[in-house]
Amino acid sequence: MLNKVYGSALLGIDATLITVEVHLGQGNKYYTVGLPDNAVKESQYRVSSAIINSGFRMPRCGIIVNLAPADIRKEGSSYDLAIAAGLLASTGQIFTQNLGKMIIMGELNLNGEVLPLKGALSMAIQAKEDGFDTLVLPKRNAMEAAVVEGINIYGVESLRELVELVELGDVSHFRFENRLFTQSLEREQEVDFSEVKGQENIKRAMEVAAAGGHNILLIGPPGAGKTMLARRLSGILPPLDLDESLETTRIHSVAGKLSGGEGIITMRPFRNPHHTISDVALVGGGNHPQPGEISLAHNGVLFLDELPEFKRAVLEVMRQPMEERKVTISRARFTVEFPASFMLVASMNPCPCGYFNHPDKECVCPPGAVQRYLNRISGPLLDRIDIQIEVTPVEFDELSDVRKSESSRRVRERVLSARNIQTVRFNNSGIIRNNAQMNSAWISKCCNLDSSGAALLKTAMKRLDLSARAYNRIIKVGRTIADLDNSDKILPVHIAEAIQYRSLDRGQWSGK
Ligand SMILES: Nc1ncnc2c1ncn2[C@@H]1O[C@H](COP(=O)(O)OP(=O)(O)OP(=O)(O)O)[C@@H](O)[C@H]1O
Ligand SMILES: [Mg+2]
Ligand SMILES: [Zn+2]
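Sequence order sets the numbering: in each chain, residues are counted from 1 along the sequence as written. Each chain is given a letter, starting from A, and each ligand a number, starting from 1, according to the order in which they appear as written. Local features in this predicted model are restricted to residues whose pLDDT is 70 or higher, and side-chain atom pairs enter the listing and the counts only when it is 80 or higher, whereas totals over whole chains, interfaces and linings include all residues.

*Asks:* Is there a simple way to think about the nonpolar core in this case?
*Replies:* Counting 136 residues, the largest nonpolar core has Ala82, Ala84, Ala85, Ile104, Ala124, Ala145 and Leu162 as the members making the most contacts within it. For alanine 82, the contacting residues outside a window of four places in its chain are Val5, Tyr6, Gly7, Val20, Ile104 and Met105. Buried Ala, Val, Leu, Ile, Met, Phe, Trp, Tyr and Cys residues whose C-beta atoms connect them within 7 Å together make up a nonpolar core. Exposure classification rests on a simple neighbour count of other C-beta atoms within 10 Å of a residue's own: a residue reaching 20 or more is buried, one at 12 or fewer is exposed, and one in between is partly exposed. C-beta atoms are placed from the backbone. Two residues form a contact once the distance between their C-beta atoms, set from the backbone, is within 7 Å.

*Asks:* What am I meant to see in the sheet that holds strand S19 (residues 387–390) here?
*Replies:* Either a parallel or an antiparallel arrangement is found when strands of a sheet pair, and the pairing is made through backbone hydrogen bonds. Taken together, the five strands give an open sheet; going across it, the order is S12-S15-S18-S11-S19, and neighbouring strands pair in parallel fashion. Both outer strands of the open sheet, strand S12 (270–271) and S19, are each paired with one neighbouring strand and no more. By definition, two strands form a pair when at least two bridges between them are found by DSSP. In DSSP terms, a helix is any run of H or I states spanning at least four residues, a strand is any run of E spanning at least two, and both are numbered starting from the N terminus. Bridge count between S12 and strand S15 (residues 301–304): two bridges; the pairing is parallel. Bridge assignment links phenylalanine 270 to a residue of S15, and that residue is valine 301.

*Asks:* Help me out: how do you make sense of the confidence of the model for the protein chain in this one?
*Replies:* Detailed conclusions should not be drawn from predicted coordinates in areas where pLDDT is low. Across the chain, each position has a pLDDT score giving the predictor's confidence in that residue, from 0 to 100. On average, the protein chain scores 89 in pLDDT, and the residues at 70 or more come to 96%. Note on residues 182–187: pLDDT is under 50 here. Beyond four places in sequence and across chains, it has six contacts.

*Asks:* Would you mind going over the site of ligand 1 with me for this structure?
*Replies:* Inspection of the region around ligand 1 gives 15 residues, with Pro222, Gly225, Lys226, Thr227 and Met228 positioned closest. Sort the elements by how many residues they give to the shell around ligand 1 and helix H8 (residues 226–230) lands first, with three residues. Among the residues making up the shell around ligand 1, the classes are represented as six nonpolar, seven polar and two charged. Each residue gets a C-beta atom placed from its backbone. If that atom is within 6 Å of a molecule or strand, the residue is near it. When residue character is reported, Ala, Val, Leu, Ile, Met, Phe, Trp, Tyr, Cys and Pro are called nonpolar, Asp, Glu, Lys and Arg charged, and the others, Gly included, polar.

*Asks:* Just to check I follow, could you spell out the packing of helix H3 (residues 80–90) against helix H6 (residues 159–168) for this structure?
*Replies:* Geometrically, a packed helix pair is captured by the angle between its two axes and the distance between the axes. Direction vectors running N to C along H3 and H6 enclose 60°, while the axes themselves pass 11 Å from each other. Comparing their axes, H6 and H3 come out oblique. The handedness of the crossing between H3 and H6 is right-handed. Contacts between H3 and H6 involve Leu81, Ala84, Ala85 and Leu88 from the first element and Leu159, Leu162, Val163 and Val166 from the second. Within the contact of H3 with H6, the residues separate by chemical class into eight nonpolar, no polar and no charged. Only the stretch in contact is used when a helix axis is fitted, and all axes are lines through C-alpha atoms; the angle between N-to-C directions ranges over 0 to 180 degrees. An angle counts as roughly parallel when it lies under 35 degrees, as roughly antiparallel when it exceeds 145, as roughly perpendicular when it falls between 65 and 115, and as oblique in every other case. Handedness of a crossing is defined here by the sense of rotation of the near helix relative to the far one, left-handed for an anticlockwise turn of less than a right angle and right-handed for a clockwise turn.

*Asks:* Whenever I open this one, the environment of alanine 313 confuses me. Can you help?
*Replies:* Assignment of secondary structure puts alanine 313 in helix H12 (residues 312–316). For the pair formed by alanine 313 and isoleucine 377, sequence separation is 64 residues and the distance between their alpha carbons is 9.8 Å.

*Asks:* Explanation requested: the environment of glutamine 422 in the structure shown.
*Replies:* Within the secondary structure, glutamine 422 sits in helix H17 (residues 408–425). Counting along the chain gives 276 residues from glutamine 422 to alanine 146, while the straight-line C-alpha distance between them is 33 Å. Excluding anything up to four places from it in sequence, glutamine 422 contacts Asn434, Asn435 and Asp483.

*Asks:* Where do I start with helix H7 (residues 200–212) in this structure?
*Replies:* Because an α-helix completes one turn every 3.6 residues, residues spaced three or four positions apart along the sequence face the same direction. By this rule, a helix spans an expected 1.5 Å times one less than how many residues it contains. With 13 residues, H7 ought to run about 18 Å at 1.5 Å a step, and its terminal C-alpha atoms sit 18 Å apart, in line with that. Every buried residue belonging to H7 is among Ile202, Ala205, Met206, Glu207, Val208, Ala209, Ala210, Ala211 and Gly212, and all of these are buried. Looking at the buried residues of H7, the elements they touch are strand S11 (216–219), H8, S19, H17 and helix H20 (468–484). Downstream of H7 by a residue or two, glycine 213 has a phi angle that is positive, lying close to 70°.

Structure below.
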């Protein structure tokens, strides 16, 4: 007798339908076939034990468990529950009529308890697309899946609960109601811009960065407040829309980073990997490819604090993903993709001792040290940072000022209107969503300068000896500043501000 149960396999952040077929026959051997990895093969021990310890009977005959289609690699332990259901069905211990419309996923322990899994949200999306009306998951993952409308989500804690559900077709206390998603602009931020005293020019640069999606580098001495400022960037970005929320949640879910018992992620992620991070941990990879920090930062902020401390080779691997806004990981049998569209904020000291260019302290670095220090950062990475700005420590008077400065919420409102202008501008353009992502065609289409703006830029380029690369970056940032000003045209005043955000192109750092 052959019985079919349905499960789900993850490939990147997408799930695909897997059919679990259980065949009972001659002999006494137990085979699991269909490209299972070791964890799937070992399911026979967990499943047998769980079945017996839950008060059911294991068949005393030959067993073949086939996971189809055979060309998709099946990984991990979360097929246990489907396999157990298939075994119980083929021995007549549960009714089979409800099994055909269910996808069942979860790991079993030897006692028959169901353990959490990764990728529940992707599974729910797939189950619905494939026309199933029920998805049964470990209880801890059910809430996350319940944001998908039009499919019944049940969370179970044991094999016995699964059996009860399959027998009855519905058990209300296992059911997770579809949770309506409401987006709130007034979300609670842990940290707020208003806590940073002074630093108005840096806050403005961060507002520009947020408004146009420009990567930003903060350069300054120890204690100037770089880390404090960078941490507040995600709070001035516009709120996630539902699609962004879902996509970000899927990545975190596949990576097993959701703590469980929570719905979807509604705040822009802020990721802050330490400079000792490996390249795999940063961009993703491994035998069973997992998303890295840049994908966990998708739709949010990646903060690389103390940028020159990161290994050059590690930063180098970010280059392509930053360009494509996704990571592609190729293996012999398959390729997976993880989205990785993030804003980069980085910080660094101006030199090894930290006091180069400091208003009152003296830099004690030997000649050439400043240049060597900067050279530690990969050039192509630096190239992708539109805004570079020097942070000088605030004066005591400013620090002790008790007046509150502007809140993140106020800044976010301006960022949002500038982003709305860009949404209209890039509507239907496919992958370009903000000014930072403009290619040269877009630059020539919507970044024309009037004659005085062009003259100003020309003079600055000469005086500061700026490169052609800097030219395009200034124009893009100028476009964003104009958008913040609600101005169709890029005016000389916008260009003048944009020129200020090229600290590293200036004499002392560029070695000129
Ligand atoms: N503008 C400011 N307003 C309020 N507090 C500030 C400000 N600047 C610095 N501080 C205080 O100084 C502390 C140190 O700042 P922070 O760690 O951000 O400096 P940093 O520039 O990252 O230094 P380092 O180079 O050593 O990492 C902050 O935690 C904060 O308490
Ligand atoms: Mg710091
Ligand atoms: Zn120095």
